[in-house]
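# Results of the structural survey
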Amino acid sequence: MRLSTRIALWAAAVVPLLVVLAGLLLLPLVGRDLRHQQDARLDERASALLPSVRALVAADSKGRPKVEQNQQRKVVDTALDLGVRVIGTDGGVLLSVGPQPDGPGALAGEPGGGPVTVRDRGSSWRVLTRAVGGNGNGNGRGGGSGLLQVIAPTGPADRQAAAVRRRVLLVALVSAPVSALLAFALAERATAPLRRLSRRAAGLDPAASAGPDSPGGHGSSGGHGFVSERTGTAEVDELSSALVLLLTRYDEQARRTAQALDTARAFSADASHELRTPLMSLRTNLDVLAAHPDLPAADRDEVVAELRQDHARLLDLLTALSALARGDLVQLDAFQPLDLAELVDAAAEEARRRHPGTVFAVHAPAELRLFGWEAGLRIMLANLLGNAAVHGRADGDPARVTDPARVTVRLTAEGSQARLTVDDSGPGVPPEDRAAVFQRFHRRRDSPGSGLGLTLVAQQAALHRGTVALAAPPDGTGCRAEVTLPLPRPDAPTLELPARRDWLTGPGR
């Protein structure tokens, strides 16, 4: 059932009920006002009748019939449409005119009190009783006291109250359809923005925002094609804004899911392609060992050494691919304030353990804080130092230990950036190849690595909104890797991740 129909039905039920309830509260007030008007009229007429009634009672008590008849005419003329009953000092009825109950004698009511209601044979009357002095002076002393009773039927007041009751019921009956129509019209007008919002939401195409290449595929609220429009109705505007936020989150989640699937596919494809050669080499060496159990010790040691090299290459390749995939999928909540100087010292210690034939010299401040991903920065530093240790010998032969490689690491803060340089004493990289070394699987023929080390460095530098480049050291000997990373500033906005992160899924970077 439509909301406007529900509102109309509720209005048709509630408005008449409210009218009836208002009538129930109003009717006692109307009845009381009518009684007050009637009582005021009785009091006014009693005051007008008292002089003539006193004279009548006094004439009756003194036995003066002519005066008594004259006063009776005055009382009748003054009574008009009200009933009047005069009781003499002896308790007898001296005069009874106008509409009144048929019962003889005095009616209920105390002299000097207010009007009372008397019921007789299904009819009700309002009776006001006043005491009348019998000596003509109105004080009731010397000649006894008579009574004046002014009487009015309550029928007219009851009929007016009944008329009000009928009008209330009529208004209640009429208000039902009228309120339903008005409520329906107002509800249709009020819910029109909601219906437009519903039609716009129903026309959305989920496929338009499911992929990472959609307009809103990288956190924009426009990827879903839905824009919040101000309608002037607060509730609808709030719902529209909430819908935009929901769709934006859906787009972001869909983008993450699509990116995760692309990363998984790329990981599988790259692993399948790159692992084929070392796996075939492993299989060949294992076949040699199996086919020649009596292989000489020297040859067997050579085959086992090749097996270990292939195993190390497999492990390095899988580790590098996994790290590259983690970098592509990392979210901003993994970033936190860090001490880069501490990470550099820890990376140098680990590099000394892994490469005992390399001399590492570290020049870093006591503390240099930035906002970053700790695991990613450790990966970047490990690959920078490992690459320098492997390729940092002057003769280019990492197997010789007579002339150890020398690696110098410097960390400084320059303005709003942290500058990290890693210098080695190796043969260096030709200028024309310095950009290509950051591409996936780019390596020299004699390189023992996976070809992903510097790709991981470039990825982490980009994730932290920094840069990386290769150059020659100031003395012109060896190679320098220079990384710049932004330092946090109080007036700077919060770090945002790059819009595109496809170091594993995209073409060679």
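Residues numbered from 1 in each chain as written. Predicted model: local features only at pLDDT ≥ 70, side-chain atom pairs only at ≥ 80, totals over all residues. Heavy atoms only, no water.

Here we come to the packing of helix H1 (residues 3-62) against helix H3 (residues 155-202). Direction vectors running N to C along H1 and H3 enclose 155°, while the axes themselves pass 7 Å from each other. One element, H1, and the other, H3, form an angle in the roughly antiparallel class. Here H1 and H3 pass one another in a crossing that is right-handed. Per-class residue counts for the contact of H1 with H3 are 23 nonpolar, seven polar and two charged. (Axes fitted to C-alpha atoms, helices over the stretch in contact; angles between N-to-C directions. Helix = DSSP H or I, 4+ residues; strand = E, 2+ residues; numbered from the N terminus. Parallel < 35°, antiparallel > 145°, perpendicular 65-115°, else oblique. Left-handed = near helix turned anticlockwise from the far one by under 90°. Nonpolar A, V, L, I, M, F, W, Y, C, P; charged D, E, K, R; others polar.)

Moving on, we get to the sheet that holds strand E5 (residues 145-153). Overall, antiparallel pairing links the five strands, which are arranged E2-E1-E5-E4-E3 in an open sheet. Either end of the sheet is taken by a strand with one partner, and the two such strands are strand E2 (93-97) and strand E3 (116-120). Neighbour-to-neighbour, the strand axes of this sheet turn through a mean angle of 25°, independent of strand direction. The pairing of strand E1 (residues 83-87) with E2 spans four bridges and is antiparallel. Its bridge partner being in E2, arginine 85 is matched across the sheet by serine 96. Docked against the sheet, helix H2 (residues 65-79) engages E1 and E2, running at close to 30° with respect to E2. (Pairing = 2+ DSSP bridges. Contact = heavy atoms within 4.5 Å.)

Ordered by their spatial adjacency, five strands build an open sheet running E7-E9-E10-E12-E11, and the pairing between neighbours is mixed. The sheet is open, and its two edges are formed by strand E7 (358-363) and strand E11 (467-471), each paired on a single side. Averaged over all neighbouring strand pairs, the angle between strand axes comes to 15°, with direction disregarded. Here E7 pairs with strand E9 (residues 405-414) via six bridges, running parallel. Paired with histidine 363 across the two strands is arginine 410, which belongs to E9.

Moving on, we come to H2. Look at H2: 21 Å from first C-alpha to last across 15 residues, which is about the 21 Å you get at 1.5 Å a residue. Residues of H2 that are buried: Glu68, Gln71, Val75 and Ala79. Buried residues along H2 cover an arc of 75° about the axis, so they all sit on one side. With respect to the buried face of H2, the exposed residues turned more than 90 degrees away are Lys66 and Asp77. At the C-terminal side of H2, leucine 80 shows a positive phi close to 55°. (Expected span 1.5 Å × (residues − 1). Buried < 20%, exposed > 50% of the residue type's maximum accessible area, 1.4 Å probe, protein only. Arc of directions from axis to C-beta.)

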